[in-house]
Amino acid sequence: MEDADKSRKNVRARAKAIKPFRCKHLIAVIENPSDIKNIGTVIRNVNALGVEKVYVVDPRGALPDDWQELRGDRAISKISVSAVKWTFVKRFDSTDACFDYLEQKGFVSIVTSPHVKGKASIYLDEGNYTVHPKLAVWFGSEAIGISDRAVERSAMCVSVPMFGMIESLNLGTSSGIVLYEVAKQRRDYQSRFRLRGQKGERETPLPTVMAAGE
């Protein structure tokens with residue numbers, strides 16, 4: 001019993017310590033993953049990098065609608081190293097349904113692709129990911145990438161520069177790279193300003209990294 005109480009206290013302490021570092025109103029969206037188990041890797045990245053939520057466009061109905069039921073999925077929990085227990089995940093039946101929901105909540109979407117496409121296309125390091133108060137970052141399936149419909153409804157397309165013979169990255173790697181840059185920028189913004197539009201500048205910026213051992 002003593003060990004269990006100590007474990008719960010450690011969990012509560014960790015949850016309190018990481019709360020200021022989470023990126024508010026930042027959502028990662030996975031569109032129609034070829035292997036539903038691969039979302040576990042993305043969930044792990046999302047949780048580790050301080051992204052707020054994960055949405056999954058799942059037209060095959062491979063995931064349960066109930067997040068609590070998903071938390072108990074052993075395969076996903078194992079791949080995500082239990083991050084699914086601490087990360088909110090919501091599923092949608094279609095790309096349009098997800099976009100409709102996000103737009104109703106005031107989110108702007110950007111999509112990622114190994115190839116530049118869309119009217120507004122930039123490389124990852126060229127973007128400013130703090131201009132929109134609420135931002136959703138979309139990742140396509142491993143097999144076919146992001147859909148044309150997602151590109152059509154997004155604000156812009158972001159790509160990771162490639163310098164080798166291989167011109168694509170797997171879902172886990174690409175989501176880690178892209179979300180690291182986006183979250184880093186938004187965390188830095190949160191540390192300096194209380195409000196959008198660079199208003200409410202703090203006299204002393206908040207820390208953007210956790211001290212070792214916390």
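Keep in mind it's a predicted model, so treat the numbers as computed, not measured. Every chain begins its residue count from 1, and numbering advances along the sequence as written. Owing to the predicted nature of the model, reporting of local features is limited to residues with pLDDT of at least 70; listing and counting of side-chain atom pairs is limited to 80 or more, with chain, interface and lining totals taken over all residues. Side-chain numbers here rest on the full set of heavy atoms in the structure, without hydrogens or water.

Enquirer: Account for the pattern of salt bridges, with residues named and values stated.
Expert: Between Lys or Arg on one side and Asp or Glu on the other, a salt bridge is scored when a side-chain nitrogen of the former is within 4 Å of a carboxyl oxygen of the latter. Taken as a whole, this structure holds 10 salt bridges when the rule is applied. One salt bridge connects Arg 91 with Asp 65, and the closest N-O pair in it is separated by 2.8 Å. With Arg 91 in strand E3 (residues 88–92) and Asp 65 in the loop between strand E2 (51–57) and helix H3 (67–71), this residue pair connects regions lying 26 residues apart in the sequence. When a residue's accessible area, from a 1.4 Å probe over protein chains only, is under 20% of the maximum for its type it is buried; when over 50% it is exposed; and in between it is partly exposed. Residue classification places Asp 65 among the exposed positions, given a relative accessible area of 62%. One salt bridge connects Arg 91 with Asp 93, and the closest N-O pair in it is separated by 2.9 Å. Asp 93 gets classed as exposed once you look at its relative accessible area, which sits at 52%. Taken together, the salt bridges that share partners define one network made up of Asp 96, Asp 100, Glu 103, Arg 149, Glu 152 and Arg 153. Helix and strand definitions here come from DSSP, where helices need a minimum of 4 consecutive H or I residues and strands a minimum of 2 consecutive E residues; each element is numbered from the N-terminal end.

Enquirer: Break down the sheet that holds E2 for me, citing the residues and quoting the values.
Expert: Pairing between the strands of a sheet comes from backbone hydrogen bonds, and it takes one of two forms, parallel or antiparallel. The strand order E3-E2-E1-E6-E4-E7-E5 describes an open sheet built from 7 strands, whose pairing is parallel. Edge positions in the sheet fall to E3 and strand E5 (121–123), since each has one partner strand and no second. Across the sheet, the mean angle separating the axes of adjacent strands is 25° when strand polarity is ignored. DSSP calls a pair of strands paired once it identifies at least 2 bridges connecting them. Inspection of the sheet shows E2 paired to E3 by 5 bridges, in the parallel sense. By the bridge assignment for E3, Val 57 is matched with Phe 92. Residue contacts follow a heavy-atom distance rule, with two residues in contact if any of their heavy atoms lie within 4.5 Å. Only the contacting stretch of a helix is used when fitting its axis, a line to C-alpha atoms as for every element, and angles between N-to-C directions run 0 to 180 degrees. With respect to the sheet, helix H2 (residues 39–49) is in contact with strand E1 (23–31), E2 and E3, its orientation differing from that of E2 by roughly 160°.

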